[in-house]
Amino acid sequence: MTDSSAWLPTISDDDLESLETQLPSPTGHHNHLLERQFDGKQITTGETASCHHCGDLLYEGRPVTVRAYRHSDEPAYTIAAIYCAGCAPTDLTETIRGRDDVLLEADLGLAMAGQTHWTILVEPTIVATV
């Protein structure tokens, strides 16, 4: 029998923690898929949207926070509210059982086809999900 301790690598707790931080998390993958679903999503017809809280007009290039929901039997999310940076909530407080809620930050963009304009979300980032 030979002594294998000389060729067996040792793995410390620090090595394991480092490995865990390099692996993709299921939540991160889920958030990425959600962000892709909202990228380019139409907010409203026209070139502006208004803040749900203060009514300020929001236009292309402005950062916004959006609250959306989806019931378990629905395939797509519905935009519930859009907020300017000053009125933006930081957490989801109004949730309903059987419904998925999402809070995300994005910039507003403008899409055009002929004479028609509509406001869309650009580069969304998930802030919170329930």
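Thresholds, definitions, all that
Residues numbered from 1 in each chain as written. Predicted model: local features only at pLDDT ≥ 70, side-chain atom pairs only at ≥ 80, totals over all residues. Heavy atoms only, no water. Phe/Tyr/Trp six-rings, centres within 6.5 Å; stacked < 30°, edge-to-face > 60°. Helix = DSSP H or I, 4+ residues; strand = E, 2+ residues; numbered from the N terminus. Buried < 20%, exposed > 50% of the residue type's maximum accessible area, 1.4 Å probe, protein only. Lys NZ or Arg CZ within 6 Å of the ring centre and 35° of its normal. Core = buried A, V, L, I, M, F, W, Y, C linked by side-chain atoms within 4.5 Å. Contact = heavy atoms within 4.5 Å. Polar contact = N/O pair within 3.5 Å; in protein donor to acceptor, adjacent residues only side chain to side chain. Pairing = 2+ DSSP bridges. Axes fitted to C-alpha atoms, helices over the stretch in contact; angles between N-to-C directions. pLDDT = per-residue confidence, 0-100.

### Examining the packing of aromatic side chains
Reasoning step 1: With the rule as written, the count across this model stands at one aromatic pair.
Reasoning step 2: For the pair Phe38 and Tyr77, a centre-to-centre distance of 5.3 Å together with 50 degrees between the ring planes defines the contact as tilted. Here the residue Phe38 occupies a position in helix H2 (residues 26-38), and Tyr77 occupies one in the loop between strand S4 (63-71) and strand S5 (78-84), the gap between them amounting to 39 residues.
Reasoning step 3: Its relative accessible area of 1% is what places Phe38 among the buried residues.
Reasoning step 4: Above the plane of the ring of Tyr69 lies Arg99, whose end atom (NZ or CZ) is 4.8 Å from the centre.

### Regarding the nonpolar core
Reasoning step 1: With 20 residues, the main nonpolar core has Phe38, Ile82, Leu104 and Leu121 as its most contacted residues.
Reasoning step 2: Of all the elements in the fold, those that place two or more residues in this core are H2, S4, S5, strand S6 (99-113) and strand S7 (116-129).
Reasoning step 3: In contact with Phe38, not counting residues within four places along its chain, are Ala68, Tyr77, Ile79, Val102, Leu104, Leu121 and Pro124.

### Examining the side chain of Asp101
Reasoning step 1: Mapping Asp101 onto the fold places it in strand S6.
Reasoning step 2: Assessed through its relative accessible area of 1%, Asp101 is described here as buried.
Reasoning step 3: Side-chain polar atoms of Asp101 contact the side chain of Arg99, separated by 2.8 Å.
Reasoning step 4: Residues contacting Asp101, with those up to four places away along its chain left out, are Ala68, Tyr69, Leu92, Glu94, Thr95, Ile96, Ala128, Thr129 and Val130.

### Remarks on the sheet that holds S5
Reasoning step 1: With antiparallel pairing, the five strands of this open sheet are ordered in space as S1-S7-S6-S4-S5. Among the strands making up the open sheet, the edge pair consists of strand S1 (42-45) and S5. Going from strand to strand, the sheet's axes swing by 35 degrees on average, the running direction of each strand aside.
Reasoning step 2: Alignment of S1 against S7, held across three bridges, turns out to be antiparallel. Residue Thr45 lies in a different strand from S7, and its bridge partner there is Trp118.

### Description of the confidence of the model for the protein chain
Segments scoring low in pLDDT should not have their predicted coordinates read at a detailed level.
Reasoning step 1: Chain-level statistics for the protein chain give a pLDDT mean of 83 and a share of 79% at 70 or above.
Reasoning step 2: A low-confidence stretch, residues 4-11 (pLDDT under 50), is modelled with two contacts involving residues beyond four sequence positions or located in other chains.
Reasoning step 3: Under a pLDDT of 50 for its full length, residues 18-26 has, in the predicted model, zero contacts with residues more than four places off or in other chains.

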